[in-house]
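Here is what each chain is made of, one letter per residue.
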Amino acid sequence: MALLLADLRAFANGLRRRDGHGGLFARLLPPLLLGTMYWLLGSMMLGHPELLIALQSRGDSQTILMAAALSPCPIVAGWIAFAHMHRQLFEAPELGIWLTAPHWRGRAALQLFIRASCTALLWACALAAPFVMQLLFASRAQPFAYAMAPLGIAIAVVPSLAITLGIQIALMRCAAGRSARVALSLLSAMASFGFPVFLLTEVFTGAPARAMALIDSNRVDTGPSPLVAAATQMLASAAQDLVDLAALKSGLVLLVGSCALFLLIARLHPIAVQNHLLAYRPRRLHGGRWPLQPAAAIRHKEFAQTLQQPGALWQMLIVAVMTGLLASQNLVVHDILAGSILPQWLRQCAAMAILWSIAITMLLYTHMGRLSIWDGQQWPLYLQSPISAGTLLRGKLQTIALLLIWPIVVPAFAGFFWFSANPTTVLIFCGFAIAGTMAALAAIISIGTWPWLIRQETDGRITQGSRGFVGSLALMIVFHLAIAPGYLAYHVLGTTTASQRPDCEKLLPYALIGALLIGLLQFALSTKIALGNYRRLLAPR
């Protein structure tokens, strides 16, 4: 209990101390924003008469609606378990103290499980509770139904979280090796990408929209997912002023049983940590020497670090697969390609530009980490070295710029293969994509070096702190504002009449030159801002 009380005491200190309010606000702001968004989506969807009729019927459709409301819970559990707790399980800074302390050998894993459960429940409540409460209110449920809602969300979240964390520990204990570590890194990368993509799709087709589509298609006989079946049945019965004892018993058995199973697996955690550390064998680059120039040496170090920790390479592969699926199925660009108002080559360029924006959006936050967060442990070396801020920024920007060629190559290949674009159209797209890449670099270096997002330790190290979501949100806003002129110009061309529309082929060279000049100007201004931020981070403390 002492470790748990220490976490609670640290949280209480953050509430009392003025300098801790910023970190606490940064932790609570993302769930509050998502909860508000889901509340607005639920209010809008429940205004449809189809959903109201389904609610009033109180038949199987009630279960479908409740299952749609609880569907984000297992996704949140997987995201927390793989994207956030994977490193904490095997590389947390306090693991050395926990594993050598004279207490139960699974106490460190249990402590991390408690932390993960609190975080997952916070996010699950933000994504599921608004629609659940609206369903209960629309069904005129009794007060006891509202009291059972937190238990239902916990039943939908905690077992999935316990199972995924237990699988990671058991895998590193029983099948230790580089292959197991790479497999877990791949799952972590997929979870890191999958959750933002899930949130993106939820904005357009959220749980209320899926529920309405199910009712419109008369699929009221579709059962809920096994991961949320017990919680769904329990809350659906509570909405009908009934207490389903069988569902309640099944949910409690699942909750207690999964926690008990995790306690058994937690005993394997110390050896799993040792296997995880032993499985790390740095790759040595033979047959070459390190460059003598500081900027070139930093660039060489960035590529070597990428090869030794191939999480970013897995992310690039996942982005390529997802972009290929979107292009092959025409899921996002169908309306653009099917239109007949603008010339075909321009519509093909616009479709490839949409795929480029999706691909580069999924990679922006990872590449932003190369500027400072990935080198948090090495930052004391930069503080003591005579390297200038401009040299450090130039070496890192060369690596990021080369890696950002990948989001251009993948949509270009998709346009040539699936959109039947000719080489000239692909080259035109590449020209605009280069201008957009300069805008993306401007967003990366202006936000990635922002000192407010970085916590400076007393020994010179820097860490991300608790403002990760705020940084990613600011990065997305700045990036989309930077490329907004291109989308605005295409929208203006698409809304003008044929008699007023200028000749697109004659206008193309001026548009391409203008896009490159705008991107270059944004990059120059952001470089000046980033140099000032780097000087502050490298200044003596």
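Every value quoted in this text rests on a predicted model; they were computed, and no experiment measured them.

Asks: What exactly am I supposed to notice about the overall build of the chain here?
Replies: Looking only at helices and strands, the chain has 24 helices and 2 strands in total. As displayed, the chain offers around 26,800 Å² of accessible surface, 68% of which is attributable to carbon and sulfur atoms.

Asks: For this particular structure, what's the right way to read the packing of helix H7 (residues 107-138) against helix H12 (residues 245-266)?
Replies: Geometry of a packed helix pair, given as the angle between the helix axes and the separation of the axes. Between H7 and H12, the least distance of the axes is 8 Å, while the angle of their chain directions is 140 degrees. As far as their axial angle goes, H12 and H7 are oblique. Crossing handedness for the pair H7 and H12: right-handed. Seen from H7, the contacting residues are Ala109, Leu110 and Phe113; seen from H12, they are Cys259, Phe262, Leu263 and Ala266. Here the residues of the contact of H7 with H12 are counted per class, giving 7 nonpolar, no polar and no charged.

Asks: Please clarify how the confidence of the model for the chain should be interpreted in this entry.
Replies: The share of residues in the chain with pLDDT of 70 or more is 78%, and the mean pLDDT across the chain is 79. Here helix H10 (residues 207-216) stands out as the element of the chain with the lowest mean pLDDT, 53, in contrast to helix H21 (residues 423-448), whose mean of 93 is the highest.

Asks: Please clarify how helix H20 (residues 406-417) should be interpreted in this entry.
Replies: Counting along an α-helix, one turn takes 3.6 residues, and residues three or four places apart therefore face a common direction. Taking 1.5 Å as the rise per residue, H20 with 12 residues should run 16 Å; its terminal C-alpha atoms sit 16 Å apart, in good agreement. Along H20, the residues that are buried comprise Pro407, Ile408, Val410, Pro411, Ala412, Ala414 and Gly415.

Asks: Would you mind going over a nonpolar patch on the surface with me for this structure?
Replies: Nonpolar side chains collect at one region of the surface, where Leu317, Val321 and Leu325 lie side by side and expose about 270 Å² of accessible area between them. Take leucine 325: it is sitting in helix H15 (residues 311-329).

Asks: Please explain the packing of aromatic side chains as it appears in this structure.
Replies: Two descriptors summarise a pair of aromatic rings, namely the distance from one centre to the other and the angle between the planes of the rings. The final tally for this structure, using the stated rule, is 9 aromatic pairs. Between tryptophan 79 and tryptophan 123 the ring centres are 5.1 Å apart and the planes differ by 80 degrees, which places this aromatic pair in the edge-to-face class. Highlighted residues: tryptophan 79 in helix H5 (residues 72-91) and tryptophan 123 in helix H7, separated in sequence by 44 residues. Residue tryptophan 79 shares its accessibility class with tryptophan 123, and that shared class is buried. Between tryptophan 379 and tyrosine 534 the ring centres are 5.9 Å apart and the planes differ by 50 degrees, which places this aromatic pair in the tilted class. Pair noted here: tryptophan 379 is in helix H18 (residues 379-384) and tyrosine 534 is in helix H24 (residues 504-538), with a separation of 155 residues, a long-range link. Pair check on accessibility: tryptophan 379 and tyrosine 534 agree, each one buried.

Cut-offs applied
- Residues numbered from 1 in each chain as written.
- Predicted model: local features only at pLDDT ≥ 70, side-chain atom pairs only at ≥ 80, totals over all residues.
- Heavy atoms only, no water.
- Helix = DSSP H or I, 4+ residues; strand = E, 2+ residues; numbered from the N terminus.
- Areas by Shrake-Rupley, 256 points an atom, 1.4 Å probe, with all protein chains shown as cover.
- Axes fitted to C-alpha atoms, helices over the stretch in contact; angles between N-to-C directions.
- Parallel < 35°, antiparallel > 145°, perpendicular 65-115°, else oblique.
- Left-handed = near helix turned anticlockwise from the far one by under 90°.
- Contact = heavy atoms within 4.5 Å.
- Nonpolar A, V, L, I, M, F, W, Y, C, P; charged D, E, K, R; others polar.
- pLDDT = per-residue confidence, 0-100.
- Expected span 1.5 Å × (residues − 1).
- Buried < 20%, exposed > 50% of the residue type's maximum accessible area, 1.4 Å probe, protein only.
- Patch = residues over 30% accessible without salt bridge, like charges linked within 9 Å, V, L, I, M, F, W, Y side chains within 5 Å.
- Salt bridge = Lys/Arg side-chain N within 4 Å of Asp/Glu carboxyl O.
- Phe/Tyr/Trp six-rings, centres within 6.5 Å; stacked < 30°, edge-to-face > 60°.

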